[in-house]
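A look at the structure
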Amino acid sequence: MDLSEDILQYILSGLSTGAIYAVIGLGFAIIYNSTSIINFAQGEFVMLGGMLTLFFHVTLFLSLPFSIFLAVLVATAVGALFERLAISPLKNADPLILVIITIGGSILIRGIAMLLWGKDTYVLPMFSGDEPIVLWGATLMPQNFWIFGITLIIIVANRLFFHHSIIGKAMRACSFNRVASSLVGINVKHTVLFSFAISSALGAAAGIIIAPLTMTSYDVGIMLGLKGFCAAIIGGMSGGIGTVAGGLIVGVLESLGAGLISSGYKDAIAFIILLLILFLRPQGLFVKGDTERV
Amino acid sequence: MLRIKNINTYYGKLHALKNISLHVGAGEIVALIGANGAGKTTILNTISAVTPPSNGEIHFEGSAIHNLSPDVIVRRGISQVPEGRQIFKPLSVEDNLELGAYLRYRSHEKRKEIQQDKETVYVLFPQLLERRAQLAGTLSGGEQQMLAIGRALMAKPKLLLLDEPAMGLAPMLVQEIFRVIEELRSRRGTSVLLVEQNARVALKVADRGYVLETGKVILEETASELLANKDVQRAYLGKDKKEIWER
Ligand SMILES: Nc1ncnc2c1ncn2[C@@H]1O[C@H](COP(=O)(O)OP(=O)(O)OP(=O)(O)O)[C@@H](O)[C@H]1O
Ligand SMILES: [Mg+2]
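From a predicted model like this one, the values you see are computed outputs, not experimental measurements.

**Looking at the pattern of salt bridges**
Two side chains with opposite charge may pair up if their charged atoms get near one another. Residues and elements named next belong to chain B. Overall, the coordinates contain 23 salt bridges over all chains when judged by the stated rule. Notably, a salt bridge pairs Arg 104 with Asp 117, separated by 2.6 Å at the nearest N-O pair. Residue Arg 104 is found in helix α4 (residues 102–106), and its partner Asp 117 is found in helix α5 (residues 111–124); the two are separated by 13 residues along the sequence.

**Quick word on the packing of helix α1 (residues 3–35) of chain A against helix α10 (residues 241–260) of chain A**
Residues and elements named next belong to chain A. Running from N to C, α1 and α10 point in directions that differ by 140 degrees, and their axes come no closer than 5 Å. By the angle between their directions, the pair α1 and α10 is classed as oblique. Crossing geometry of α1 relative to α10 is assigned as right-handed. Taken together, the residues that form the contact of α1 with α10 break down as 16 nonpolar, 10 polar and 1 charged.

**Brief notes about the pairing of strand β8 (residues 191–195) of chain B**
Residues and elements named next belong to chain B. With 5 of 5 residues buried, β8 is to be regarded as a mostly interior element. Side chains Ser 191, Leu 193 and Val 195 project from β8 onto one buried face, and the interleaved Val 192 and Leu 194 project onto a second face that is buried too. The pairing of strand β3 (residues 29–34) with β8 spans 4 bridges and is classified as parallel. Each residue of the ladder has a partner; that of Leu 32, found in β8, is Val 195. Looking at chain direction, strand β7 (residues 159–163) and β8 are connected through 5 bridges and run parallel.

**Things to note about the site of ligand 1**
Residues and elements named next belong to chain B. Around ligand 1 lies a shell of 14 residues, among which Lys 40, Thr 41, Thr 42, Glu 83 and Gln 197 are the nearest. The contact in question runs from an oxygen atom of ligand 1 to an N or O atom on the side chain of Glu 83, over 2.6 Å. Relative to its unbound accessible surface of 630 Å², ligand 1 loses 60% to contact with the protein. Secondary structure elements with two or more residues in the shell around ligand 1: β2 (14–24) and α1 (40–47). Per element, the largest residue contribution to the shell around ligand 1 is 3 residues, and it comes from α1. Looking at the shell around ligand 1 residue by residue, the classes come out as 5 nonpolar, 6 polar and 3 charged.

**What to know about the interface of chain B and chain A**
Every contact between the two is made by 22 residues of chain B and, on the other side, 20 residues of chain A. Here chain B and chain A share an interface that buries about 1900 Å² over both sides, 70% of which is from carbon and sulfur atoms. When the area that chain B buries against chain A is broken down by residue, the three leading residues are Phe 88, Pro 90 and Tyr 102 of chain B, summing to 29%. Across the contact surface, chain B and chain A share 2 salt bridges.

Cut-offs applied
Residues numbered from 1 in each chain as written. Chains lettered and ligands numbered in written order. Predicted model: local features only at pLDDT ≥ 70, side-chain atom pairs only at ≥ 80, totals over all residues. Heavy atoms only, no water. Salt bridge = Lys/Arg side-chain N within 4 Å of Asp/Glu carboxyl O. Helix = DSSP H or I, 4+ residues; strand = E, 2+ residues; numbered from the N terminus. Axes fitted to C-alpha atoms, helices over the stretch in contact; angles between N-to-C directions. Parallel < 35°, antiparallel > 145°, perpendicular 65-115°, else oblique. Left-handed = near helix turned anticlockwise from the far one by under 90°. Nonpolar A, V, L, I, M, F, W, Y, C, P; charged D, E, K, R; others polar. Buried < 20%, exposed > 50% of the residue type's maximum accessible area, 1.4 Å probe, protein only. Pairing = 2+ DSSP bridges. Near = heavy atom within 4 Å. Polar contact = N/O pair within 3.5 Å; in protein donor to acceptor, adjacent residues only side chain to side chain. Areas by Shrake-Rupley, 256 points an atom, 1.4 Å probe, with all protein chains shown as cover. Contact = heavy atoms within 4.5 Å. Buried area = accessible area lost by both parts, 1.4 Å probe.

Given below as structure tokens:
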């Protein structure tokens, strides 16, 4: 294997983890746009996705597809419940207070997961075998293709929902002007609840498709959440293609850094990118000047 | 059709509406005039439940609506064109109109009917048709005002609350907008509660009017009486401007 093949390998696996960060990042952006808060519990729904699938599949012996379905469903319900119990009662609270509450929520969910499943790491079976596929000298697992495929479907569905359905348009209207939205008859409380449900579902889906490759445990949400946050920041919290690009950039740079420099730097790279963006371009990489967030 | 009895609305400690009572009959156009800060916008927002009253009653078509939320008020048939247009700038003109019909989509009304109403808005305001795919934020001020009115009409309101629709528009456009308001009343029987700084124009289309001063109704008369009223002329019709400042 020469260097160019190595680099291709790093880029492809980077794109695959980057796709995961992109989906998690979309979840951050959706909640940010509907509430102006950063939901730091987002990573825990990623963890719940993997752990719940494992629980339904390995502990309860349900089929993998059905386990995945149930895991997304339960994680979505937990997200909605979290909004009802912790966010919605504090109607006019400062966003900062709500952000701190989401941090509390994440600690709580992680703690419950630790009580339920312990501190062990588990591995979820691959969706379709573990026969590696060689592509121009780089090796990919079938799971990588699942990741690419499902991520693509999520991105397209996300776009269709927010740009072509009346509820999606209403959510965008709400993120621009809540009072005007309520004056056309949109129930702002419902859209906030709905945005938490969608974000939890997205997070859970991301956690499920990556679990067979990276293993899962009660605390995987911390790192995955922060990298998804990084993706959303690069995308200027846009909830669109900017965040997707942000995820892919973080994934690829992290993978190249780990491969070419040292794997010890893997997580540091994401944070260096995050800090650079926050210092130099807090509006995101792709947002021109001070134009409106869409 | 709309009857407000003794409402009081506060912003924190600020007593913005003091025992306001007023009514709008079916098919009536009622003007609300008053200086800056008199509480005109607050009255509309109190009706729309954006700033609910702390006491008093609001009845619409015989039932109490002062405890309802803004979306339910729209469902009951009251739509507001808010001060400063407040259209959804990052969305297209077409999307803005569709969102005006949000509740009709949610109650699964036939797409065809909503589509027809959209066409009707485009007939009322042909400029919007040419710009239907454009982002609303790129419209001119006048076009944004048309869009704001069109968006409210998409809900098929029985009562339309208009907050300074003529603000910042050229005289020609003001005429245009008031023509639409009169047309709505004569064609659909829509009642209108109209807030306007430009009292002369407002009182020309209105049947009746209320004059508001620091949160209180100080005068209620027919539009022609108000136009003839010396105090109103001095304070709101721009005659002897100097005296207004001396008051
Ligand atoms: N959100 C708010 N918070 C606190 N005070 C407010 C708020 N909105 C309005 N006020 C105050 O309430 C009073 C009435 O305001 P309102 O906007 O109803 O006046 P207006 O008659 O619509 O004036 P204008 O002609 O300038 O639009 C004013 O003293 C204003 O400063
Ligand atoms: Mg006003």
